[in-house]
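Here is how the chains run, residue by residue.
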Amino acid sequence: MQIHLVLLSSLEKIMRNETSSESRFNGFSMLNNERKSFQLYISSDCDEVSLEIKSDLSCITPYTVEYLPSEYAINEKTADDYVIKNKDGYYPDLLLPAEKIIKLENGAKTLWFEINPTEKLEAGNHKIEIIVSSGDVKSSVSFDIEVINCSLEKQNLIFTNWFHSDCLMQEYNFEAFSDEYWRVVKNYMAVACEHGMNCILTPLFTPSLDIAVGGDRPTVQLVDVTLEKGRYSFNFDKLKKWIETAQSCGIEYFEMAHFFTQWGAKFAPKIMATVNGEYKQIFGWKTLVISKKYKKFLRQFAAELKSFIETMGLKEKTLIHVSDEPNSSQTFTYRIAANIIKDLFSGYRIIDALSDFKFYKKGLVNTPIPANNHIEPFIGNVPELWTYYCCAQDNKYVSNRFFSIPSQRNRVLGYQLYKYDVKGFLHWGYNFWNTQYSKKKINPYEITDAGKAFQSGDSYVVYPKEDGTPLCSLRLKVFYDGFQDMMALQTLEKLAGRKKALDILEKGLDKELTFFEYPHSNEWQLETRERINTEIKNCLNTENNK
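Conventions adopted
- Residues numbered from 1 in each chain as written.
- Predicted model: local features only at pLDDT ≥ 70, side-chain atom pairs only at ≥ 80, totals over all residues.
- Heavy atoms only, no water.
- Disulfide = S-S within 2.5 Å.
- Phe/Tyr/Trp six-rings, centres within 6.5 Å; stacked < 30°, edge-to-face > 60°.
- Buried < 20%, exposed > 50% of the residue type's maximum accessible area, 1.4 Å probe, protein only.
- Helix = DSSP H or I, 4+ residues; strand = E, 2+ residues; numbered from the N terminus.
- Lys NZ or Arg CZ within 6 Å of the ring centre and 35° of its normal.
- Core = buried A, V, L, I, M, F, W, Y, C linked by side-chain atoms within 4.5 Å.
- Contact = heavy atoms within 4.5 Å.

Visitor: Could you give me a rundown of the state of the cysteines, with the residues and numbers involved?
Guide: One pass over the full model with this rule turns up zero disulfides. With no disulfide partner, C249 has as its closest neighbouring cysteine sulfur the one in C193, 6.8 Å distant. With no disulfide of its own, C390 lies 4.5 Å from the sulfur of C391, the closest cysteine sulfur.

Visitor: Outline the packing of aromatic side chains, listing residues and values.
Guide: Counting across every chain of the model gives 52 aromatic pairs. Between Y172 and F174, the ring centres sit 6.2 Å apart and the planes meet at 5°, which makes this aromatic pair stacked. F174 carries the same exposure label as Y172, and that label is buried. Both rings, one in F205 and one in F301, keep their centres 4.9 Å apart while their planes meet at 50°; by these two values the pair is tilted. With a gap of 96 residues between them, F205 in the loop between β12 (199–202) and β13 (224–228) and F301 in helix α4 (residues 292–311) connect regions that are remote in the sequence. Note on F205: relative accessible area 4%, which makes it buried. If you follow K306 out to its NZ or CZ, it ends over the ring of F345, 6.0 Å from the centre.

Visitor: I'd like a rundown of the nonpolar core, residues and numbers included.
Guide: Counting residues in hydrophobic clusters, the biggest one holds 154 residues, and the most contacted among them are F163, W242, F259, F260, F297, F301 and I341. With sequence-adjacent residues up to four places away left out, F260 is seen in contact with A265, F267, P269, V289, Y294, L298, V322, S323, A337, I340 and I341. Counting residues in hydrophobic clusters, the runner-up holds 29 residues, among them I3, L40, L121 and I145.

Here it is, written out as structure tokens:
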């Protein structure tokens, strides 16, 4: 009987049909308030093993790395070659809290360990020893980490990962705005916020997103509307509770859902109202962008919404949408919608995901959000640079988070966001557990590609647990590591200036770091972060010796 252990960094993805025999990890440094992860590959002829962690750090949580199926992992027609091609169709993604007894699968298991301090860690070296045993057979690995006596700067980048409360309703079978609704929504908000999401999609009306024309999604409208004698009135109690719930989790910004339908702004979203005592739909797919009735509604609604927002002290924290992802053929309808919203929300930040620079040049949006593979024309030409990615960003080596994307390609985004001083990042799928166009609910443990519509990993980063809490993916952890890299550079900038931080970031590169150019190397990713940490420590020592 034997047990073989291999330490791995958090960037390794070990496939089911792959073995790992060599250690590719020798410890790390960290700032005193950040999270760090590493992995352990176990191989043995035992069926199960016991796990023990010895360390003066009490904030180490172990997880098992679970494999999930993918029928659509890569778009062979468009994808570049920096991907993981896996023949058996299973990829490591789900992180399950580990028990003391670990069951092995075909003689192997990968464990994920996260150091997650609830308060600042004590500076200095800390030893971690992991002991794996079965009966009298034991194997162990140990290493040291260094905690630097410095904290990461607060995240100032605005990050929204679209939050789909209707998917929670469908998964857990509760009604909108019930006690259970608010409990589960808060659980999912809290985990999102823990991983960098400080802005939340807020459904004033049911978001017109990922719906086929004429289709529907469950009503999650936060504003109660009443129509009597031709006059609208609005109740913001649910919206206020949503905002306060989000704020209690640490969310700061509120991204109001789009006032017109996705992909062209041709129609109004679904809006429900009580009309002469009857609750019914008053706007939707039959309401054209040119509707005078809808424009009149928006005029009354915008005035009261702005009053509510400003009373809450949230004007600077509010983002307004027109319509998602319009293209050049939809300029006519988008222009009509954009002019309505610009007029009604003058002085507010209006944002939309769109990748055609002409929309911005024509003055149709003040904060465009281009995809990262279309970002070049926007760099240096917009007051605030934002970016996003989704299923279409699988080329030019841009960052993404698919199952088939190497973790380094996921995490490198943090360096890129810092380099280009990006102010905001958007993604559409925190927990979209539907097929494309929301035609039916899926089991996210079994269908990971929205019914072969989007590459696995595009549409969600968390999994539903029976108790109403989310389980994390390793992709979510790696993505947040990228944010921590960005914040570490901002910490260094505060100590030594932006030029020094950029010099440290790009040291030794043959080509300038861009959204398309970067070393495809775990070692470079990790060594660069260690170099940043070393320079932070040097700056602190210089300050202390003055």
